[in-house]
Amino acid sequence: MGRENKKCLKMQAKEVFDGLQCLGRSKHDDKVQAGREYDRLDNPTMTKQEYINAAIRDHIYSINTYGTYAKHNNYFIAWIEEKLPPKERRTLEQCRPYVAEWLQLRIDAGLSPYTIQTEAAGLGKLFQCPVSDFGVKIPERKRDGITRSREHVKRDYGFSLEKNADIINFCRGTGLRRKELETLRAEQLIETPDGYALAIRGKGGRYREAPIVGPHAAEIVAKIKASDGLVWDSVPSHMDVHSYRSDYATAIYTAYARDDIPKGERYYCRGDRKGTVMDKPAMLRASRALGHNRLEVVAGHYIR
């Protein structure tokens, strides 16, 4: 047996993931660059999206993404170690044929489409291949399949909405992610032609300007200006910060959405929102304020 095979599966997986880390590098910039490269190809053998996906497949841009994928891959490895004798699972490559069976078991167990897609994506990173190569039909993600950021979830118990009204209003007016909220400093406040905004370096190192909106905007600005160092000394652990990003996106979209939308600027929703027509420019404003660029993401997950 070779030296490499003496490493346990978790160590082999960790080495793969460590080699994929590109922390601080911009995923968005890599996508743009790949798109430009595709446009220069004479006879491409794949679609532009397939080319872009292939270009970023061997990179992990966020430490949170790294942790999430590693955690779910460890579930797969634990299952493999119970299923196969040691001689048949010395290497990751020996385990790859069992990925389809594992994903189907997870689907049959009733896990949410979001969890299944996360697990499939993590395994795709581990084995450096498109998820489609596993040969399993992954359930489609829909709004009614979201199991996080609801009004009543387990972690909400013990979290007082009344006592934490200040930070809740702050989140609803800025749309920050938890990490962005925890590291926010007064110097990130900037003045724009439309009012005040926050200069944010978000996921993947992507820069955005998040407008401060809503009925508590003046209070938010005053809070930031009065801070010395971090704006918030601590963020409650039971607070579902992500859920307030939906309130923020909806507020921005509502402020700019038009009743009479020109035909070429209409977005036709799909899935469980089929039949709903939205205003593309207003959606784009909300999407960029959140740190996203795809309209389907803001339509399917944020704007209510």
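Every value quoted in this text rests on a predicted model; they were computed, and no experiment measured them.

What follows is about the overall build of the protein. If you tally the helices and strands in the protein, you get 13 helices and five strands. The C-alpha extent of the protein, read off along each of the three principal axes, is 65 × 50 × 35 Å. With 304 residues in all, the protein has 39% of them scored as buried. Residue pairs at least 24 apart in sequence account for 64% of intrachain contacts in the protein once pairs closer than 6 positions are excluded.

Where burial is concerned, the two faces of strand E3 (residues 207-211) differ: the one with Arg 208 and Ala 210 is buried and the one with Tyr 207, Glu 209 and Pro 211 is not. Pairing between strand E2 (residues 195-201) and E3: five bridges, direction antiparallel. Following the sheet pairing, Arg 201 is matched in E3 by Tyr 207. Two successive antiparallel strands, E2 and E3, enclose a turn made up of five residues, where Gly 204 displays a positive phi of approximately 70 degrees.

The next thing to look at is the confidence of the model for the protein. Across the protein, the average pLDDT comes to 86, with 92% of residues at 70 or higher. Taken element by element, the predicted model of the protein shows its lowest mean pLDDT in helix H13 (residues 295-301) (81) and its highest in helix H10 (residues 217-226) (95). Across residues 147-155 the pLDDT falls below 50, and counting only partners more than four positions away or on other chains, this stretch makes 14 contacts in the model.

Direction of pairing for strand E1 (residues 189-192) relative to E2: antiparallel, over a ladder of four bridges. Its bridge partner being in E2, Glu 191 is matched across the sheet by Tyr 196. Between E1 and E2, which pair antiparallel one after the other, the connecting turn spans two residues.

Turning our eyes to something else, we now look at the environment of Glu 187. Mapping Glu 187 onto the fold places it in the loop between helix H9 (178-182) and E1. Looking at Glu 187, the relative accessible area reads 60%, which means it is exposed. Residues Glu 187 and Ile 224, 37 residues apart in the sequence, show an inter-C-alpha distance of 8.6 Å.

Right, let's talk about the nonpolar core for a bit. Formed by 40 residues in total, the largest nonpolar core has its most connected members in Phe 170, Leu 181 and Met 283. Elements represented by at least two residues in this core include exactly helix H8 (165-174), E2, H10, helix H11 (241-256), helix H12 (280-290) and H13. Broken down by element, the residue count for this core peaks at six residues, all from H11. Dropping the residues within four chain positions of it, Leu 181 is found in contact with Ile 167, Phe 170, Cys 171, Leu 176, Trp 232, Val 235 and Val 241.

Time to look at the sheet that holds E2. Spatially, the three strands line up as an open sheet ordered E1-E2-E3, and their pairing is antiparallel. Every interior strand has two partners, whereas the edge strands, E1 and E3, have only one. Adjacent strand axes in the sheet meet at a mean angle of 40 degrees, parallel and antiparallel pairs treated alike.

Tracing the sequence through the fold places His 72 in helix H4 (residues 63-83). For His 72, a relative accessible area of 11% corresponds to the buried category. For the pair His 72 and Thr 192, spaced 120 residues apart in sequence, the C-alpha separation works out to 42 Å. Among all residues touching His 72, those that are not within four sequence positions of it are Thr 115, Thr 118 and Glu 119.

Within this structure, the stated rule accounts for 13 salt bridges. Linking Glu 101 and Lys 83 is a salt bridge whose minimum nitrogen-to-oxygen distance equals 3.1 Å. Taken together, the residues span a long stretch of sequence, with Glu 101 in helix H6 (residues 99-108) and Lys 83 in helix H4 at a distance of 18 residues. For Lys 83, a relative accessible area of 34% corresponds to the partly exposed category. For Arg 258, the salt bridge is made with Asp 279, and the minimal N-O distance between the two is 2.7 Å. Note that Arg 258 is positioned in the loop between H11 and strand E4 (266-268) and Asp 279 in strand E5 (residues 277-279), a separation of 21 residues in sequence.

Moving on, we come to the state of the cysteines. Applying the stated criterion to the full structure yields zero disulfides. The cysteine Cys 95 is free of any disulfide, with Cys 8 supplying the nearest cysteine sulfur at 11 Å.

Our focus in this paragraph is the side chain of Arg 245. Locating Arg 245 in the fold gives a position in helix H11. In this structure, Arg 245 is buried with no salt-bridge partner, the nearest side chain bearing the opposite charge being Glu 180 at 4.6 Å. Apart from residues lying up to four places away in sequence, Arg 245 is in contact with Gly 175, Leu 176, Arg 177, Arg 208, Leu 290, His 292 and Tyr 302.

Another aspect to go through is the packing of aromatic side chains. What characterises a pair of aromatic rings is the spacing of the ring centres plus the angle enclosed by the ring planes. Applying the stated rule across the entire model yields seven aromatic pairs. Ring geometry for Phe 76 against Trp 79: centres 6.2 Å apart, planes inclined by 35 degrees, an arrangement best described as tilted. Taken as a pair, Phe 76 and Trp 79 lie in helix H4 at a separation of three residues, close to a single helical turn. The class of Trp 79 is buried, set by a relative accessible area of 16%. Aromatic pair Phe 170 and Trp 232: ring centres 5.4 Å apart, planes at 90 degrees, arrangement edge-to-face. On the criterion of sequence distance, the pair formed by Phe 170 in helix H8 and Trp 232 in the loop between H10 and H11 is long-range, its members being 62 residues apart. Across the pair, exposure class does not vary: Phe 170 and Trp 232 are buried alike. Pairwise contacts between aromatic rings join Phe 76, Trp 79, Trp 102 and Phe 127 into one cluster. Against the face of Trp 232 rests Lys 223, its NZ or CZ located 4.2 Å from the ring centre. The positively charged end of Arg 285 is found above the aromatic ring belonging to Tyr 256, 3.9 Å away from the centroid.

Parameters and conventions
- Residues numbered from 1 in each chain as written.
- Predicted model: local features only at pLDDT ≥ 70, side-chain atom pairs only at ≥ 80, totals over all residues.
- Heavy atoms only, no water.
- Helix = DSSP H or I, 4+ residues; strand = E, 2+ residues; numbered from the N terminus.
- Buried < 20%, exposed > 50% of the residue type's maximum accessible area, 1.4 Å probe, protein only.
- Contact = heavy atoms within 4.5 Å.
- Pairing = 2+ DSSP bridges.
- pLDDT = per-residue confidence, 0-100.
- Core = buried A, V, L, I, M, F, W, Y, C linked by side-chain atoms within 4.5 Å.
- Axes fitted to C-alpha atoms, helices over the stretch in contact; angles between N-to-C directions.
- Salt bridge = Lys/Arg side-chain N within 4 Å of Asp/Glu carboxyl O.
- Disulfide = S-S within 2.5 Å.
- Lys, Arg positive; Asp, Glu negative; His and termini not counted.
- Phe/Tyr/Trp six-rings, centres within 6.5 Å; stacked < 30°, edge-to-face > 60°.
- Lys NZ or Arg CZ within 6 Å of the ring centre and 35° of its normal.

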